[in-house]
Amino acid sequence: MSIYTLALESSCDETSASVLKDGRTVLSNVISSQVPIHRKFGGVVPEIASRHHIEQVIPVIDQALRDANVTLQDIDHIGVTYGPGLVGALLVGVAAAKGLSFATGIPLVPVHHMEGHIFANFLANPELEPPFLSLVVSGGHTMLVHVKGYEEFDILGQTRDDAAGEAFDKIARVMGFPYPGGPHIDALAAEGDANAIEFPKALSEPGNFEFSFSGLKSAVLNYLNSKQQKNEPINQADVAASFQKAIVDVLVEKTKDAAHTLGETCITIAGGVSANKGLQQALEAMCQEEGFTYYKPHKILSTDNAAMIGCRAYYMAKAGKFGDLTLNAKPSVEIGHVSWKED
């Protein structure tokens, strides 16, 4: 008998609802993006994001059920992102899921947002099974995670300061690109010389799986300011290419080092920055060279969406990891911990 999951995602600036069948078949995945709204501010404004989630959450749920041709009576459990993310935005999804659970008696499954990103790979690659190594790269997180099983995660290392996606967006903004800036840097980098400028690569010693991008961000800002003060021409394509190379080299090298250290031959990528073409190409080339198997999610599943949350919720439900009506939003929470209960 098939299991149907309704999932909600509202951790940042996308309101999304999805219906999945048996955890890996996406019947619907409705995403209402707020990017045009936040673009004029140069980034996500949390209060505005929360207000738009309130407006969109019920219509998005209704649309997801209609697209999947199911009703709430067909749903076996409701998965919802409870953290990490913007607390006001998270609260909207959590409140909607709790309300539905209370009204219908459908069990509630609290999902960690970054675990959801990792599980997006299962939707794109039906043959994928743990164990594998996952490089998780997004606007708020950069980490290497050893996925030992569906319920077992080991963080090998994460960023000490800025996430890779955050660095992309901040440098793009300084270079005059609209939010979100990452795709603009990626496109411009393809036209430039990645070896034109040597930017620093922090924590690059073997065996260190932690990341740091704040120094790189400062170095690029200093380079641009220095050129402007001297009235020297700036080749934006070369800056973009060299900056992107500094990030990509570190991500790929640390992934390779971690895979060899663990003896893991299966590599996945997850998070919004996984859509970056430069990173995808470099990671794919490294995996081919090393004889690793490389998996990536579809582009629509790279950025925030409820389908990935539904996939994670399905496996949590199988393991008996349900929440209750005391569930609350947690803006900061470690991966791999069932920590939705109040401390």
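The name given to the chain in an unreviewed UniProt entry is tRNA N6-adenosine threonylcarbamoyltransferase, with the source organism recorded as Veillonella rogosae JCM 15642. The Sequence similarities (unreviewed entry) comment attached to the chain in UniProt states, word for word, "Belongs to the KAE1 / TsaD family."

### A word on the domain arrangement of the chain
How big an interface is tends to be stated in terms of the accessible area lost upon association of its parts. Taken domain by domain, the chain holds domain 1 (4–118 + 302–318) and domain 2 (130–300). When each unit is reduced to the centre of its C-alpha atoms, the spacing between domain 1 and domain 2 is 27 Å. The interface is formed by 21 residues belonging to domain 1 together with 23 residues belonging to domain 2. Between domain 1 and domain 2 the total buried area reaches about 1700 Å² when both faces are included, carbon and sulfur atoms providing 61% of it. A per-residue breakdown of the area domain 1 buries against domain 2 is headed by Met-114, Ile-118 and Ser-302, which together make up 39% of the total. The interface formed by domain 1 and domain 2 holds one salt bridge in total. Residues Arg-312 and Glu-151 are paired through a salt bridge, measuring 2.9 Å at the closest nitrogen-oxygen approach.

### Thoughts on the UniProt feature "binding site: substrate" (unreviewed entry) in the chain
UniProt's feature table lists "binding site: substrate" (unreviewed entry) at Val-136, Val-137, Ser-138, Gly-139, Gly-140, Asp-169, Gly-182, Asp-186 and Asn-276, given in the numbering used throughout. Within the fold, Gly-139 resides in the loop between strand 6 (132–137) and strand 7 (142–149). The exposure class of Gly-139 is partly exposed, given its relative accessible area of 43%. Excluding residues that lie within four positions of it along the chain, Gly-139 makes contacts with Ala-163, Gly-165 and Glu-166. Positionally, Asp-169 belongs in helix 5 (residues 164–174). Among residues more than four places away in sequence, those in contact with Asp-169 are Tyr-179, Pro-180, Gly-181 and Gly-182.

Cut-offs and rules
- Residues numbered from 1 in each chain as written.
- Predicted model: local features only at pLDDT ≥ 70, side-chain atom pairs only at ≥ 80, totals over all residues.
- Heavy atoms only, no water.
- UniProt positions renumbered as here; feature names shortened; annotations may be inferred.
- Domains from an automatic or database assignment.
- Contact = heavy atoms within 4.5 Å.
- Buried area = accessible area lost by both parts, 1.4 Å probe.
- Salt bridge = Lys/Arg side-chain N within 4 Å of Asp/Glu carboxyl O.
- Helix = DSSP H or I, 4+ residues; strand = E, 2+ residues; numbered from the N terminus.
- Buried < 20%, exposed > 50% of the residue type's maximum accessible area, 1.4 Å probe, protein only.

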